[in-house]
Amino acid sequence: AGASPPAVAAPSAGADLRALALDPAADAPARAALQAALAASEQRLAGEDWQALKHQAAAAMQAPDFWNGADRQRVLDTLERMDRIENAVRGADSLLQRLTGGGRGVLDVVRRLALRLHLIGLAVDAVLAAEPEDAQLELLSPDRVNAATRAGFERLAQMYLDWAQTRGMRVRTLEHDRDQARLRLAIAGFGAWQTLRDERGLHVFERGDANPAERQRLHVRVTADGVSGAAAAADTEPRLCRRYQEQPTPLVRDAVRGWRSGRLDRVLGGDFDLIG
């Protein structure tokens, strides 16, 4: 009998999409994890739930009164989102082929592909659950604004802008008042609402040895796009979301997702959704 083919290493527990996006690797387990994630996405799009929803939406468009019906926009939005997701999966397959040759830039391709597949997963979940995709984010100070507050405000504002840019989100700045420390963004893209809804609450910059009076607090409000401003202002007593500490040692504590990390630079660089 011929020799058995060599075994392919199974993806390690840490080689999931978020871990690969945070710390890209080009070894066999990493490639296997990306291939498995792409195959899972393709399988979901070919699955019964996805195809049934697609046929249901297409059938609704054939109704005689569709273009005058109250449900028209929802159906069109669903079909448009499904089409974008299917195109993104095809694009991910093309991106995966670029890994076969290795060479320079391969780690950047791994990060991009891992991010894309992670966001595609969120987008598929959102469509099947009939959840919104886009979000509006508001950043403001609940306290009197001073120079330290503005410094923290600028760092968080840049964090969200970097997060959106790296993930290919479409961003519209609705308000950006540096003097009053106020920012409002409309963010559209795969998993925008699903990611940002966990950002709601207080974000606190502090020193490990500082008294509470020296902390800078900033309040993040997030609503699904299209929700009224009254709903956005409903959290008058916001929960604690995250604490940021630079001195004496870098430390970030996320009270919503339940993790702590010394990778302050990566969190403020926009990778807060990949840690933990």
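Procedures and definitions
- Residues numbered from 1 in each chain as written.
- Predicted model: local features only at pLDDT ≥ 70, side-chain atom pairs only at ≥ 80, totals over all residues.
- Heavy atoms only, no water.
- Axes fitted to C-alpha atoms, helices over the stretch in contact; angles between N-to-C directions.
- Helix = DSSP H or I, 4+ residues; strand = E, 2+ residues; numbered from the N terminus.
- Parallel < 35°, antiparallel > 145°, perpendicular 65-115°, else oblique.
- Left-handed = near helix turned anticlockwise from the far one by under 90°.
- Contact = heavy atoms within 4.5 Å.
- Nonpolar A, V, L, I, M, F, W, Y, C, P; charged D, E, K, R; others polar.
- Phe/Tyr/Trp six-rings, centres within 6.5 Å; stacked < 30°, edge-to-face > 60°.
- Buried < 20%, exposed > 50% of the residue type's maximum accessible area, 1.4 Å probe, protein only.
- Salt bridge = Lys/Arg side-chain N within 4 Å of Asp/Glu carboxyl O.
- Pairing = 2+ DSSP bridges.
- Expected span 1.5 Å × (residues − 1).
- Core = buried A, V, L, I, M, F, W, Y, C linked by side-chain atoms within 4.5 Å.

### With respect to the packing of helix 2 (residues 28–46) against helix 4 (residues 72–97)
Phase 1: Interhelical geometry of helix 2 versus helix 4 gives an angle of 155 degrees and a closest axis separation of 11 Å. In terms of their interaxial angle, helix 2 and helix 4 are classed as roughly antiparallel. Relative to helix 4, the crossing made by helix 2 is left-handed. Facing helix 2, whose interface residues are Leu34, Gln35, Leu38, Ser41, Glu42 and Leu45, helix 4 presents Ile85, Glu86, Val89, Ala92, Asp93 and Leu96.
Phase 2: Of the residues belonging to the contact of helix 2 with helix 4, the class tally is seven nonpolar, two polar and three charged.

### Description of the packing of aromatic side chains
Phase 1: In this structure the tally under the stated criterion is four aromatic pairs.
Phase 2: Ring centres 5.6 Å apart and planes at 70 degrees place the aromatic pair tyrosine 160 and phenylalanine 272 in the edge-to-face group. Here tyrosine 160, found in helix 6 (residues 147–166), pairs with phenylalanine 272, found in the segment after helix 9 (264–271); they are 112 residues apart in sequence, far enough to count as distant. The pair formed by tyrosine 160 and phenylalanine 272 is uniform in burial state, with each residue classed as buried.

### Observations regarding the pattern of salt bridges
Phase 1: Across all of its chains, the model carries 27 salt bridges by this definition.
Phase 2: A salt bridge links glutamate 138 to arginine 182; the shortest N-O distance between them is 2.7 Å. Of this pair, glutamate 138 sits in strand 1 (residues 135–140) while arginine 182 sits in strand 3 (residues 182–188), and the two are 44 residues apart along the sequence.
Phase 3: Looking at glutamate 138, the relative accessible area reads 12%, which means it is buried.
Phase 4: Linking glutamate 199 and arginine 257 is a salt bridge whose minimum nitrogen-to-oxygen distance equals 2.8 Å. Here glutamate 199 is found in the loop between helix 7 (192–196) and strand 4 (201–206), whereas its partner arginine 257 is found in the loop between strand 7 (251–254) and strand 8 (259–261), with 58 residues between them in sequence.
Phase 5: Within this structure, Asp77, Glu80, Arg81, Arg84 and Glu133 form a network of salt bridges that share partners.

### Points about the pairing of strand 3
Phase 1: Counted residue by residue, strand 3 has five buried out of seven residues, so it is predominantly covered.
Phase 2: Remark: four residues form the turn of the hairpin made by strand 2 (residues 170–177) and strand 3, two consecutive strands paired antiparallel; alanine 181 in that turn has positive phi of roughly 55 degrees.

### Some remarks on helix 5 (residues 106–128)
Phase 1: For helix 5, which comprises 23 residues, the first-to-last C-alpha distance of 33 Å matches the rise-based estimate of 33 Å (1.5 Å per residue) to within 8%.
Phase 2: Burial analysis of helix 5 places 17 of its 23 residues in the buried class, the great majority of the element.
Phase 3: Count one or two residues on from helix 5 and you reach alanine 130, which has phi positive near 55 degrees.

### Quick notes on the nonpolar core
Buried together is how nonpolar side chains tend to be arranged in soluble globular proteins.
Phase 1: Leu34, Ile85, Leu117, Leu139, Leu196 and Tyr244 are the most contacted members of the largest nonpolar core, which totals 66 residues.
Phase 2: Broken down by element, this core gets its largest block of residues, 13 residues, from helix 5.
Phase 3: Discounting chain neighbours no more than four positions away, the residues touching tyrosine 244 are Leu156, Met159, His203, Val204, Phe205, Glu206, Leu251, Val252, Leu264, Val267 and Leu268.

### Quick look at unusual backbone geometry
Residues other than glycine predominantly adopt negative phi, and peptide bonds predominantly adopt the trans conformation.
Phase 1: The step from glutamine 247 to proline 248 runs through a cis peptide bond, and the omega angle for that step is 0 degrees.
Phase 2: For proline 248, the location among the structural elements is in the loop between strand 6 (240–245) and strand 7.
Phase 3: Here the phi dihedral of alanine 130 falls at roughly 55 degrees; this positive angle occurs in a residue that is not glycine.
Phase 4: Inspection of the secondary structure puts alanine 130 in the loop between helix 5 and strand 1.
Phase 5: Positive phi values are uncommon outside glycine, yet alanine 181 reaches one of about 55 degrees.
Phase 6: Relative to the assigned elements, alanine 181 resides in the loop between strand 2 and strand 3.

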